[in-house]
Amino acid sequence: MSRERSDSQGSLGPDDEVMPYSDDETDDELHPDSDEEGPPRGPQSGWNVKANDRVFCNLPEFQKKYLLCLKKSKYSGNGIKTYKYNALTFIPLNLFEQFKRVANLYFLALLILQIIPEISTLPWYTTLVPLVLVLGITAIKDLVDDLARHRMDKEINNRKCDADILLLSSSNPNSLCYVETAELDGETNLKFKMGLKVTDERLQEEHQLAQFDAMIVCEEPNNRLDKFTGTMRWRKDRFPLDLDNMILRGCRIRNTDVCHGLVIFAGADTKIMRNGGKTRFKRTKIDELMNYMVYSIFVILILLCAGLAIGNSFWYEEVGSRAWYLKDGKDQTASYRGFLSFWGYIIVLNTMVPISLYVSVEVIRLGQSKFINWDLQMYYQEKDTPAKARTTTLNEQLGQIEYIFSDKTGTLTQNIMAFKKCTIAGRTFGDPTTAEGVTLNRGKPVDFSWNKYADSKFEYLDHSLVACIRSKKDKDAMEFFKLLSLCHTVMVEQNEDELVYQAASPDEGALVTAARNFGFVFLSRTQDTITISEMDQEMTYEVLALLDFNSDRKRMSIILRFPDGRIRLYCKGADTVIYERLSPNSRHKEVTQTALDIFANQTLRTLCLCYKDISKQEFDAWAKKHKAASVAMSNREAALDGVYEQIESNLMMIGATAIEDKLQDGVPETIAKLAKADIKIWVLTGDKKETAENIGYSCELLTDNMQIHYGEDINEKLRIRQADRRDQLPASSRTRKKVPDPFFPDPGRNALIITGGWLNEILYEKKKKRRRLRLKRLGRRPVPATPQDATQPIDDWEKESRQVDFVNMACECEAVICCRVTPKQKANVVSLVKKYKKAVTLSIGDGANDVNMIKTADIGVGISGQEGMQAVMSSDYAFAQFRYLERLLLVHGRWSYIRMCKFLRYFFFKNFAFTLVHFWYSFFNGFSAQVAYEDWFITLYNVMYSSLPVLLVGLLDQDVNDKLSRKFPKLYLPGQQGALFNYKNFFISLFHGIFTSLVVFFIPYGAFLQTMGQDGEAPSDYQSLAVVMASSLIFTVNLQISLETSYWTFVNCFAVLCSIAIYFGIMFDIHSAGIHVIFPSTFTFTGVAPNALRQPYLWLTIILTVGISLLPVIFIKFLCKTIWPSVGDNVQRNRKKYEVEEEEKKKPAPFQRDRLSRRSAYAFSHSRGYADLIASGRSIRRRPAAARPDPRDSITEVPQAGNI
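Residues numbered from 1 in each chain as written. Predicted model: local features only at pLDDT ≥ 70, side-chain atom pairs only at ≥ 80, totals over all residues. Heavy atoms only, no water.

> Can you walk me through the overall build of the protein chain in this structure?
Helix and strand content of the protein chain: 41 helices and 32 strands. With 1204 residues in all, the protein chain has 55% of them scored as buried. Total accessible area computed for the protein chain in this model is approximately 54,300 Å², and 56% of it derives from carbon and sulfur atoms. (Helix = DSSP H or I, 4+ residues; strand = E, 2+ residues; numbered from the N terminus. Buried < 20%, exposed > 50% of the residue type's maximum accessible area, 1.4 Å probe, protein only. Areas by Shrake-Rupley, 256 points an atom, 1.4 Å probe, with all protein chains shown as cover.)

> In this structure, what is going on with the nonpolar core? I would like to understand it.
In a soluble, globular protein the nonpolar side chains are often hidden away together inside. By size, the foremost hydrophobic cluster in this structure holds 104 residues, and its most contacted members are Val353, Leu357, Phe903, Leu904, Tyr933, Phe937 and Leu1033. Among the elements that take part in this core, helix H28 (residues 884-922) stands out by supplying 17 residues, more than any other. Here this core spans two domains, and each of domain 1 (76-159) and domain 2 (340-369 + 890-1134) adds at least three residues to it. Those residues in contact with Phe903, other than ones at most four positions away along the chain, are Leu357, Ser360, Val361, Ile364, Val950 and Gly954. (Core = buried A, V, L, I, M, F, W, Y, C linked by side-chain atoms within 4.5 Å. Domains from an automatic or database assignment. Contact = heavy atoms within 4.5 Å.)

> Mind showing me how you'd approach empty space enclosed by the protein here?
A water-sized probe rolled over the atoms picks out the places where empty space is left. Tallied over the full model, the rule gives 6 cavities of 30 Å³ or more. Its boundaries defined by the atoms lining it, the largest cavity holds a volume of some 130 Å³. Around the largest cavity sit 15 residues that line it, and Thr126, Pro130, Asn350, Thr351 and Ile355 are the ones nearest its centre. Here the lining of the largest cavity gets 4 residues from one element, more than from any other, and that element is helix H29 (residues 935-945). Residue classes in the lining of the largest cavity are distributed as 8 nonpolar, 7 polar and no charged. (1 Å grid on protein atoms, 1.4 Å probe; cavity = no way out; pocket = protein on both sides within 12 Å on 5 of 7 lines; lining within 4 Å. Points joined across faces, edges and corners; volume = space filled by probe spheres on them. Nonpolar A, V, L, I, M, F, W, Y, C, P; charged D, E, K, R; others polar.)

> Help me understand the environment of Met246 in this model?
Inspection of the secondary structure assignment puts Met246 in strand S10 (residues 246-247). On the basis of relative accessible area, Met246 is assigned to the buried category, the value being 1%. In this structure, the C-alpha to C-alpha distance between Met246 and Met194, residues 52 residues apart in sequence, is 8.1 Å. Ignoring anything within four residues of it in the chain, the contact list for Met246 reads Asp164, Ile165, Leu166, Lys193, Phe228 and Ile264.

> What am I meant to see in the packing of helix H21 (residues 711-728) against helix H22 (residues 756-763) here?
Packing of H21 against H22 leaves a shortest axis separation of 10 Å and a crossing angle of 10°. As summarised for this structure, H21 and H22 are arranged roughly parallel, according to the angle between their axes. For the pair H21 and H22, contact is made by Gly711, Glu712, Ile714, Asn715 and Leu718 and by Trp758, Glu761 and Ile762, respectively. Looking at side-chain class alone, the contact of H21 with H22 contains 4 nonpolar, 2 polar and 2 charged residues. (Axes fitted to C-alpha atoms, helices over the stretch in contact; angles between N-to-C directions. Parallel < 35°, antiparallel > 145°, perpendicular 65-115°, else oblique.)

Below, the structure is given as structure tokens:
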């Protein structure tokens, strides 16, 4: 199958390689790109920091109002506070928060009503006991959660210095400092920072630092991780500052003993915190639905009470006022009595609003969170990292996920590059092969013990390449690895007897490490030389020029003078740019092209290697042009690129490398399994387009039979849709189609790859920002765009329509990759899907640049590992590997959703069945608000008699085991559809409760109507009726939950039997004469239970009531499972077969060599190398010219520092 793609070359639009930080851009950044007039605002009017002056930041001009007339400094402190309570505020603040829940406030009002004698129909303790239990359990849970926040805050605030600091000096030469930014962006390769020359020379000693009094004027705090602009004013001089001088919060200092710095931004002002976004209170869909249902119950309750109050008024008018034996001596009208009856029934029927519902839900969620924490199958032994549920409120939402938004680096990948294959002079190496060239199915790693410099972690399976190199007969192979050891910007250190490479990208580090293992070892470099070991022979080459990599050139070159005087250029880069520059006489072009196709199909990242011999005259002429371009005052980069272009021509092909960007274990399988569960995965990354696309193929998110659409193609489709809408719809009648026309009507699979620049272009973000700033400066209000201007939205409605179109188009695709996007853009994409698709979203990432996205999604997942803890600290769930996401959703998420839905359905049913008995009884007691049960039964029903079995179902129940849950992803679909708990299920529970209450009341009522006991007495009194109804109800609800239980354990069985036993045990105790003697006014049912339950016909009544209540349920369940079985029912029926059946192994797809089209597998570092640093010579200790180069003299290894 061929893969179609839209060519983006030559299109007019945003730069695909630029990460567009449009959200926090300042006016001076936008000024050069817009045509507005007025002076640009520079950093002079921005942020001011005075060294060694603590009073400066508290000056009046730096104060801001925060509460009425109170003021505080605009400079944030470095301490953070995420806890909610302290010892003094816990009780009042927690009670205030709990009473913001309508149900708790309702029961507090009930408690007050029960104190009023005229309307109280139940003792006060029937409401107080459950309310205190609910408030107490919730308060304990909140206290435990807040203590954890206190510990986390204390740990972070105890760090020595966690801020954005200006590097002044360090113990390294020229105040060089290497940092690891994994906590910021997930990248583990080292980057360098450097102090200013003046601070390096004058601020090394403590007394010098104490006298430092510079003023720093810089940009206001913002979220741009890639930019910093400022000026240092010191000793009547001004020094420019940029990002290379800044060490940001979250960086880890490496290979530096001591560094000194000045805090510029602290706390909430730091760039990493600015990228974090707002902390959002997250609630599940079930929570929202449950609240609406509670409101519905309120409405039903008020209607019932109003109807019963009216009935009481009519009854008193017609019957009560005329019956002499009902006279109570009160001179009250029928209407007033009805009014009192209304409030009385509010108290009687209060159990329709389930007070224990919320606390029961919290207990279930807490238990489900512990199961996630204890899951050994989500424990990563290599890093000793268990899974962690950092919240207890979102578990069931894990069973409803529709969209996953994933970071790439460190989340899907390990950010580890491995040299896998290569092609040299038309011959391909890398498959398992013997030294003689015989291909093997399985091979043993090559033994590199002959090379004293070899990296012990490097593995290679092709013995023939090693034999070829060691024989020294193949000149092309020798030249190949010589190029890899020379053409790079890697820095080297000596750590005892071991070489340590520091590369600007992991790709480059992998290539130099490969050359090192094959005998071409990079040893050291100076400003103008580079030394390598060529098969144990040390050679030093003079570096004449270093043409560094950038995202436009997609290649890098080095020009060297060999010891014999020859001048040669070595170049490595993308196949698309190298092939354009090859000499017509270059050999092996076609064979190398075929190998590149194969490497691309295997999702390996490729680079082409080539060389060019240069005469002295040619180089001298070129060097003059190069020098002139390097000192140009304007367009210097463009001038240098033009000069580079002249020398990088007529190249001779040597071969190509193929590097594997290692995915985390199980990523393709996880993505495939989640896709079968109808979960769509979008990748949102700051990486460049080529890298992101390559990983898309590696993890099988993209396939060869997909048609890929890029930014300009997407923009054009949206522009056409917008123009059609303008033509068809007048402004006065704007209605959006409920079912829009598809953007891809043709059959086939589609994928979307879009960069951050195109994303802003499509959603009008950049244009809106510039236009607003321009009009603000000119003092004008925005003027609506003309209909003819298709590049501008007419109004907010059209902007929203454009966003809807984009989301609809993206959701039609099977895969979406957004690359070169800022942290804010990641969050915006998530917000768009949440807003317009009303979908449940999950974001997963590992770095600080993912925090905003994690906070925005309904569920945030942090990958915990070597990349730092910023994402984990902001997440709801955390684990060490992406593959655990499958188990989190398909097992824990699905089980949690099923359990919670089953719990809620049953909870509403049992409360309706219990409460509505009072309603039917009202028709026989003159609507007098008389209760149908004993007071203590009402008090303990939800607390002790019916709570434990349903709680255990909510904690332990499972329709199928974990293996079958993962084997059949379609079982996940009911959660996405919200099929197990919705208003339909709510009303089914309501009618089920109504039916059960009818049976529980009328069958005992009929049995008691005209009866005579064995002893000649008629136990047809109210108290005996209450006992029979209560006993029937307890049996019914406990056997009903038994029918709902899918997974039986000893604990479930014990809970059902124990609940019934507790009921009878407590009932006989509180009906005993002994407790009546002690509390005569509280326990009034003396001897009722023993007297009533010794009558056989009453037991027959109980059995008949329970049977009639349960038989329809059993019949309906039988019909559903036999005639209309669900996917889950079918899996349950055949689970024994599936459990013994071995799952078929996935067969690898056959490799297709004859594709009609190919893609470039080039994907290299997405930042400049160390060329500028090397050329400046500032990173290297100077040594005498006559001295022989020694690898130990390049950079001195010093102990490693910890966090700043």
